[in-house]
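The residues making up each chain are set out below.
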Amino acid sequence: MRNMWLVARREFVGRGKSGGYLITTVFMAIVLLGVTLLPTLMEGGEKSTPLNIILLDKTSSIAQPLQAAVEAMKAQPGAREVNLEVSSMDEAALIDRIKLEGEKGLLIVEGTFPAGMKARYLSTTPAILNSGSMVMGPLEAIVRAARLQARGIDPAVSQEIMQPLTTEVLQITETGEGRTSEDFMGSMMTALGVVMVVYMVVMLNGQFIFMGVLEEKVSRVVEVMAASVGPAEMLAGKVIGLGALGLIQFVVIMASWVGGNLINAQISDQPLGGVTLTGALTAFAFLVLGYVLAAALNAAAASTVSRMEDQTAVAMPVQMVQVVPYLMVMAVIMNPTGKLAEITSMIPIFSQTVMVARVLMGPVPLWQILVSIGLMAATTVLFLWGGGRIYRAALLSYGARPNLKQVLGYLRNN
Amino acid sequence: MSFAVPTGRVCGLLGSNGAGKTTTMRMIMRIFHPDQGTISWNGTPISDETRKGFGYLPEERGLYPKLEVREQLIYLTELKGMTRKEAAVRADRWIKELEIEEYAKRRVEQLSKGNQQKVQFAAAVTSGPKLAILDEPFTGLDPVNTMVMEKAFRTVAAEGTTLLFSAHNLDQVEALCENVVLIHRSHVVLQGVLRDIKKAARRQAIHLRMENDDYGFLSQFVGITVREGTAGAREITLPGDMNANLILRAASEAGVVTEYSLGEPSLREIYLEKVGANHA
């Protein structure tokens, strides 16, 4: 037992001090913070700069009502400021000016107003083009109203007809509250974020186990270790030491992600999909089980490698096994209550992503969560048992890499 | 195979390649488990607990390449049941004994092979083991480092550690060992106190070297066996009743005698006699 803790401490300190661990942890935290914050910051930044548009009105009927509509928009709270500059210059000269000045939109209105009118919106900057609806919307409304008026409809009536319709899409949940699609998006982002972080931590620390076992075996220090520490203690120490590092990493990365989202919610008034206690506990259970399973798999695989050159051939299939459940995530996240999600959330290995996503996106019957965790735990124990046997048998045998038959032989007689 | 190593002695484990020396040592360290039979320490079968009192230098050298020398020694000593403080004191002492102070803060991978080997030796003895199993500890060392290691070897032995080591340089074994065990094809063919073994093997043996390298005069003697020894010298075995001076007289008449000795056979001769005969 004492030696197991010594090994755990050695792994924790050794790997924790390594550049690889520190860099990936900080890097992932910064990337996640950036990814969550950047869109809002950019949008917020755009909102604060006014949109400058030059209007070339060849119909001579649009400039005034459009200017009025734009002024009316300014009065609305939170709206982006639009500055309309009416110009009577030649079209080619205006296009040259836009090219020169950049960051500006050019709205050209021509034809007969209102029946045969045509509008073009030009800019050199995609971002300015994307904001075109801010003037095209009011323009359309003005033209429609004028057309209705030409047909003899009272402007008050036409305004009433043009009034936008209020629509709302709501999901009925067990608690009875309607969830809007924005809520859905929020919880989808939360689920995606948590599942991705669980994935990264499990993969990364699983790989550390692989590298650690490989390094010990290839450098032959394993024989010195085997003369002091039993294989079970050695493996358990590794799993605990690197697992503690993984947990710290998970907390740091999640903190940066949650922090980013909280700031987001502050800025954009968008609701953040909340994480319930059940959701947090489920994610934690699957994080630990997924990691131990990955550790057993990686340790067993690495122990069969005697030379560095052989490592890719062994590492590839192990990584494939670990990647598969994450390929399911998108399909499940788009339809968390579907049959595919329900079935795969019960299958161990798949469940470590699917069940976590399901729980974070909406209520799941408790029995389903417990059965899923139970099955995953049983599979993890099985992997630990099998992986441990392979590890013990293969650790001290050098030479040609054992084939599958020999590895299965390690499982039987040991 | 059965042999005993007396406590507090230096014992050499000898045998040709593939005789089973490394396997035997691994079994003592409980890395491999014997199919049958027992290995005992002070009369009781060895366990993980007794193993804590053993030091080990494996044939395939191995240390953590990225770990600093001192940190490595402390860690490996702690695994033998010492506190970190105790382990640090002992590590520092052996770093000094083996003259590797300037490398204490370096990573093992930055050291030369010879210095890595000294660190490996230190790893085996820092815990002050009751028994140190050393698999070919002198292989690959230059003469200066060999001397440093031999000195450390004697220090360890003087402090009461029983040493069991394998080596191929028999002159070195003869200089360091009190006991030897010779194994051949997984069987012990000879074991005991080296001095007794040599005494028992004492016979009329002559070591002779002629300046002109002409040993033709030996053909006049009936009943002797002649073998070529190191660098062209001759190892001659005489029948029990023959007067050895006859050979010396004939030799001095045939030319200049540069080496002549009469007496106990060397360990090398005993080894070749025991193993060489069965080798084919």
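## Here we look at the overall build of chain B
Phase 1 of the analysis: If you tally the helices and strands in chain B, you get 10 helices and 12 strands.
Phase 2 of the analysis: Contacts spanning at least 24 positions in sequence make up 69% of the contacts within chain B whose residues lie at least 6 apart.
Phase 3 of the analysis: Accessible area for chain B stands at about 13700 Å²; split by element, carbon and sulfur atoms hold 49% of it.
Phase 4 of the analysis: In chain B, the 35 positive side-chain charges and the 35 negative ones have mean positions that sit 6 Å from each other.

## Considerations on the packing of helix α3 (residues 69-78) of chain B against helix α4 (residues 84-97) of chain B
All names here are of chain B.
Phase 1 of the analysis: Closest axis-to-axis distance for the α3/α4 pair is 8 Å, and the angle between their directions is 130°. Taken together, the axes of α3 and α4 are oblique relative to one another. Crossing handedness for the pair α3 and α4: right-handed. Here Arg-70, Glu-71, Leu-73, Ile-74, Thr-77 and Glu-78 of α3 come into contact with α4, specifically with Arg-84, Ala-87, Ala-88, Ala-91, Asp-92 and Ile-95.
Phase 2 of the analysis: In terms of residue class, the contact of α3 with α4 is built from six nonpolar, one polar and five charged.

## A look at a nonpolar patch on the surface
Residues and elements named next belong to chain A.
Phase 1 of the analysis: A contiguous nonpolar surface patch, about 280 Å² in accessible area, is contributed by Phe-12, Val-13, Ile-248 and Val-252.
Phase 2 of the analysis: Among the secondary structure elements, those contributing two or more residues to the nonpolar patch are α1 (2-17) and α10 (231-268).
Phase 3 of the analysis: Structurally, Phe-12 can be placed in helix α1.

## A word on the sheet that holds strand β4 (residues 54-57) of chain B
All names here are of chain B.
Phase 1 of the analysis: With mixed pairing, the six strands of this open sheet are ordered in space as β4-β5-β6-β1-β7-β8. Here the strands that pair on one side only, and so sit at the sheet edges, are β4 and β8 (187-193). Mean inter-strand twist for the sheet, computed between neighbouring axes without regard to direction, equals 15°.
Phase 2 of the analysis: Where strand β5 (residues 131-135) lies against strand β6 (residues 162-166), five bridges are found, and the strand directions are parallel.

## Description of the domain arrangement of chain A
Phase 1 of the analysis: Taken domain by domain, chain A holds domain 1 (51-163) and domain 2 (179-412).
Phase 2 of the analysis: The centre of domain 1 of chain A, based on its C-alpha atoms, is set 55 Å off from the matching centre of domain 2 of chain A.

## Brief notes about the interface of chain A and chain B
Phase 1 of the analysis: Taken together, the contact pairs 20 residues of chain A with 27 residues of chain B.
Phase 2 of the analysis: Around 2100 Å² of area is buried between chain A and chain B when both sides are counted, 56% of it from carbon and sulfur atoms.
Phase 3 of the analysis: For Glu60(B), the salt bridge goes to Arg220(A), with nearest N and O atoms at 3.6 Å.
Phase 4 of the analysis: Seen at the junction of chain A and chain B, the total is 11 residue pairs in polar contact (both at pLDDT 80 or more).
Phase 5 of the analysis: Those elements giving two or more residues to the side of chain A that touches chain B turn out to be α1, α8 (181-218) and α9 (221-226) of chain A.
Phase 6 of the analysis: Classifying every residue of the side of chain A that touches chain B by side-chain character gives nine nonpolar, four polar and seven charged.

## Let's talk about the pairing of strand β1 (residues 10-14) of chain B
All names here are of chain B.
Phase 1 of the analysis: Extensive coverage of β1 is indicated by the burial of five of its five residues.
Phase 2 of the analysis: Pairing analysis gives four bridges linking β1 to β6, with the strands arranged parallel. Counterpart to Val-10 in the pairing with β6 is Leu-163.
Phase 3 of the analysis: For β1 and strand β7 (residues 179-184), the ladder comprises four bridges, and the chain directions are parallel.

## Looking at the sheet that holds strand β3 (residues 105-112) of chain A
Hydrogen bonds between backbone atoms are what pair the strands of a sheet, whose relative direction is either parallel or antiparallel.
Residues and elements named next belong to chain A.
Phase 1 of the analysis: The mixed open sheet is built from four strands, whose spatial order is β2-β1-β3-β4. The open sheet is flanked by β2 (82-87) and β4 (116-122), the only strands paired with a single partner. Sheet twist, expressed as the average angle between the axes of neighbouring strands with direction ignored, equals 20°.
Phase 2 of the analysis: Alignment of strand β1 (residues 51-57) against β2, held across six bridges, turns out to be parallel.

## Let's talk about the environment of Arg401(A)
All names here are of chain A.
Phase 1 of the analysis: On the secondary structure map, Arg-401 appears in the loop between α16 (366-394) and α17 (404-412).
Phase 2 of the analysis: For Arg-401, a relative accessible area of 37% puts it in the partly exposed group.
Phase 3 of the analysis: Taking the C-alpha atoms as reference points, Arg-401 and Val-305, 96 residues apart in sequence, are found 6.1 Å from one another.

## Description of the side chain of Thr126(B)
All names here are of chain B.
Phase 1 of the analysis: Here Thr-126 lies in the loop between α5 (113-125) and β5.
Phase 2 of the analysis: One polar contact links Thr-126 to Thr-77, side chain to side chain, over a distance of 2.9 Å.
Phase 3 of the analysis: Beyond its immediate stretch of four places on either side in the chain, Thr-126 contacts Leu-73, Thr-77, Arg-90, Ala-91 and Trp-94.

## Remarks on the domain arrangement of chain B
Phase 1 of the analysis: Structurally, chain B comprises domain 1 (10-193) and domain 2 (203-263).
Phase 2 of the analysis: Relative placement of domain 1 of chain B and domain 2 of chain B: their C-alpha centres are 41 Å apart.

## Side note on the pattern of salt bridges
Phase 1 of the analysis: Per the stated rule, a full pass over the model turns up 26 salt bridges over all chains.
Phase 2 of the analysis: Salt-bridge contacts for Arg97(A) lead to Glu101(A); the nearest nitrogen and oxygen are separated by 3.0 Å. Taken as a pair, Arg97(A) and Glu101(A) lie in helix α4 (residues 91-101) at a separation of four residues, close to a single helical turn.
Phase 3 of the analysis: Classification of Glu101(A) by relative accessible area gives partly exposed; the value is 39%.
Phase 4 of the analysis: Between Arg120(A) and Glu110(A) there is a salt bridge whose closest N-O contact spans 3.1 Å. Residue Arg120(A) is found in strand β4, and its partner Glu110(A) is found in strand β3; the two are separated by 10 residues along the sequence.
Phase 5 of the analysis: Since its relative accessible area comes to 28%, Arg120(A) is described here as partly exposed.
Phase 6 of the analysis: For Glu110(A), a relative accessible area of 18% puts it in the buried group.
Phase 7 of the analysis: One network of salt bridges, in which partners are shared, links Arg9(A), Glu71(B), Glu78(B) and Arg84(B).

## Details of unusual backbone geometry
Phase 1 of the analysis: Of the consecutive residues Phe113(A) and Pro114(A), the connecting peptide bond is found in the cis state with omega at -5°.
Phase 2 of the analysis: Here Pro114(A) lies in the loop between β3 and β4.
Phase 3 of the analysis: Despite not being glycine, Ile349(A) shows a phi value in the positive range, around 80°.
Phase 4 of the analysis: By the secondary structure assignment, Ile349(A) is in the loop between α14 (339-344) and α15 (351-361).
Phase 5 of the analysis: The backbone phi angle of Arg30(B) is positive, close to 60°, even though this residue is not glycine.
Phase 6 of the analysis: Take Arg30(B): its relative accessible area is 24%, and that puts it in the partly exposed class.

Reading guide: rules and limits
- Residues numbered from 1 in each chain as written.
- Chains lettered and ligands numbered in written order.
- Predicted model: local features only at pLDDT ≥ 70, side-chain atom pairs only at ≥ 80, totals over all residues.
- Heavy atoms only, no water.
- Helix = DSSP H or I, 4+ residues; strand = E, 2+ residues; numbered from the N terminus.
- Contact = heavy atoms within 4.5 Å.
- Areas by Shrake-Rupley, 256 points an atom, 1.4 Å probe, with all protein chains shown as cover.
- Lys, Arg positive; Asp, Glu negative; His and termini not counted.
- Charge placed at Lys NZ, Arg CZ, Asp CG, Glu CD.
- Axes fitted to C-alpha atoms, helices over the stretch in contact; angles between N-to-C directions.
- Parallel < 35°, antiparallel > 145°, perpendicular 65-115°, else oblique.
- Left-handed = near helix turned anticlockwise from the far one by under 90°.
- Nonpolar A, V, L, I, M, F, W, Y, C, P; charged D, E, K, R; others polar.
- Patch = residues over 30% accessible without salt bridge, like charges linked within 9 Å, V, L, I, M, F, W, Y side chains within 5 Å.
- Salt bridge = Lys/Arg side-chain N within 4 Å of Asp/Glu carboxyl O.
- Pairing = 2+ DSSP bridges.
- Domains from an automatic or database assignment.
- Buried area = accessible area lost by both parts, 1.4 Å probe.
- Polar contact = N/O pair within 3.5 Å; in protein donor to acceptor, adjacent residues only side chain to side chain.
- Buried < 20%, exposed > 50% of the residue type's maximum accessible area, 1.4 Å probe, protein only.

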